[in-house]
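Spelled out from the first residue to the last, the chains are:
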Amino acid sequence: MDRRTEQQVWQRVLGQAEPPRGDLRALELDTLEAAAVYRKLEGSSAEKQREKLRKLYDSRMEAIACLRGIGRLSGSGVGKPARISAPGEPMPKALEKRYHCARRAAAEYTARTMDGEFSMVFQHLAELSRRECILLAELLGEWSEQAHGKAASRR
């Protein structure tokens, strides 16, 4: 498929003529919050969950590095590093929120894959966000099973 045809297909799929451009700061801040949430939950989780939360944390740190790299390469500079603390939500609520944020991020990164200079990086970021959604769904399923198991054992 030639470049023009590919652009037309993406335009129809995404409903827009140009890939989104502009500041990546909001994506970076959301990614930093996700990393903080995963780090916090990792400390209070069972071993199996801890491993998945560690993978999620590592993935978010990789995404932050990529976003900062794009900022540097695009000349928009590297913003002042932000410190974000995790909200004090219960685990299932925090994971649900992170799932929806990861899904939106995957869509945003996918839309940005039309960016000629950074298309490969945005493809990678979209894939990281898709994997994040999968791990979050698994964690929520495991948590649900544990919660039901505890309730059944009390009867």
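Structure's up top.
These numbers were taken from a predicted model, which means no experiment stands behind them.

Rules used throughout
- Residues numbered from 1 in each chain as written.
- Predicted model: local features only at pLDDT ≥ 70, side-chain atom pairs only at ≥ 80, totals over all residues.
- Heavy atoms only, no water.
- Helix = DSSP H or I, 4+ residues; strand = E, 2+ residues; numbered from the N terminus.
- Buried < 20%, exposed > 50% of the residue type's maximum accessible area, 1.4 Å probe, protein only.
- Contact = heavy atoms within 4.5 Å.
- Areas by Shrake-Rupley, 256 points an atom, 1.4 Å probe, with all protein chains shown as cover.
- Core = buried A, V, L, I, M, F, W, Y, C linked by side-chain atoms within 4.5 Å.
- Expected span 1.5 Å × (residues − 1).
- Phe/Tyr/Trp six-rings, centres within 6.5 Å; stacked < 30°, edge-to-face > 60°.
- Disulfide = S-S within 2.5 Å.
- Polar contact = N/O pair within 3.5 Å; in protein donor to acceptor, adjacent residues only side chain to side chain.

Teacher, can you tell me more about the overall build of the chain here?
Per the secondary structure count, the chain includes five helices and zero strands. Sequence-ordered secondary structure for the chain, helices as α and strands as β, is α-α-α-α-α. Residue burial in the chain is summarised as follows: out of 155 residues, 37% are buried. A separation threshold of at least 6 residues defines the contact pool for the chain, and within that pool the share at least 24 residues apart is 78%. If you sum the accessible surface of the chain, you get close to 9,400 Å²; carbon and sulfur atoms cover 52% of it.

I would appreciate a short explanation of the nonpolar core in the present structure.
Soluble globular proteins tend to bury their nonpolar side chains together. Counting 16 residues, the largest nonpolar core has Tyr38, Leu41, Leu53, Leu56, Leu95 and Leu136 as its most contacted members. Elements with a contribution of two residues or more to this core: α2 (25-42), α3 (47-74), α4 (91-111) and α5 (119-154). For this core, the leading source of residues is α2, giving five residues. By size, the runner-up hydrophobic cluster in this structure holds 12 residues, among which are Leu24, Ile70, Ala105 and Leu125.

What is the right way to look at α3 in this model?
An α-helix turns once every 3.6 residues. As a result, residues three or four positions apart point the same way. The terminal C-alpha atoms of α3 lie 41 Å apart, and with 28 residues this matches the ideal 40 Å at 1.5 Å per residue to within 8%. All of the buried residues in α3 are Gln49, Lys52, Leu53, Leu56, Tyr57, Ser59, Arg60, Ala63, Ile64, Leu67, Ile70 and Gly71.

Just checking my understanding: could you explain the packing of aromatic side chains for this structure?
Here a ring pair, both rings aromatic, is described through the centre-centre distance and the interplanar angle of the planes. Inspection of every chain in the model, using the stated rule, returns one aromatic pair. Measuring from ring centre to ring centre gives 6.4 Å for tyrosine 109 and phenylalanine 122, while their planes differ by 25 degrees; the resulting arrangement is stacked. Taken together, the residues span a long stretch of sequence, with tyrosine 109 in helix α4 and phenylalanine 122 in helix α5 at a distance of 13 residues. Here phenylalanine 122 falls in the buried class, since its relative accessible area comes to 2%.

Would you mind showing me how to read the state of the cysteines here?
Each disulfide consists of one covalent bond between the sulfur atoms belonging to two cysteines. Tallying each qualifying case throughout the model produces zero disulfides. For the unlinked cysteine cysteine 101, the closest cysteine sulfur is that of cysteine 133, found at 9.9 Å. Exposure remark for cysteine 101: the relative accessible area of 9% places this residue in the buried category.

In this structure, what is going on with the environment of glutamate 142? I would like to understand it.
Along the chain, glutamate 142 turns up in helix α5. Each C-alpha atom, one on glutamate 142 and one on lysine 48, is 9.6 Å from the other, the two residues being 94 residues apart in sequence. Beyond its immediate stretch of four places on either side in the chain, glutamate 142 contacts Lys48, Gln49 and Lys52. A distance of 2.4 Å separates a polar atom in the side chain of glutamate 142 from a polar atom in the side chain of lysine 52.

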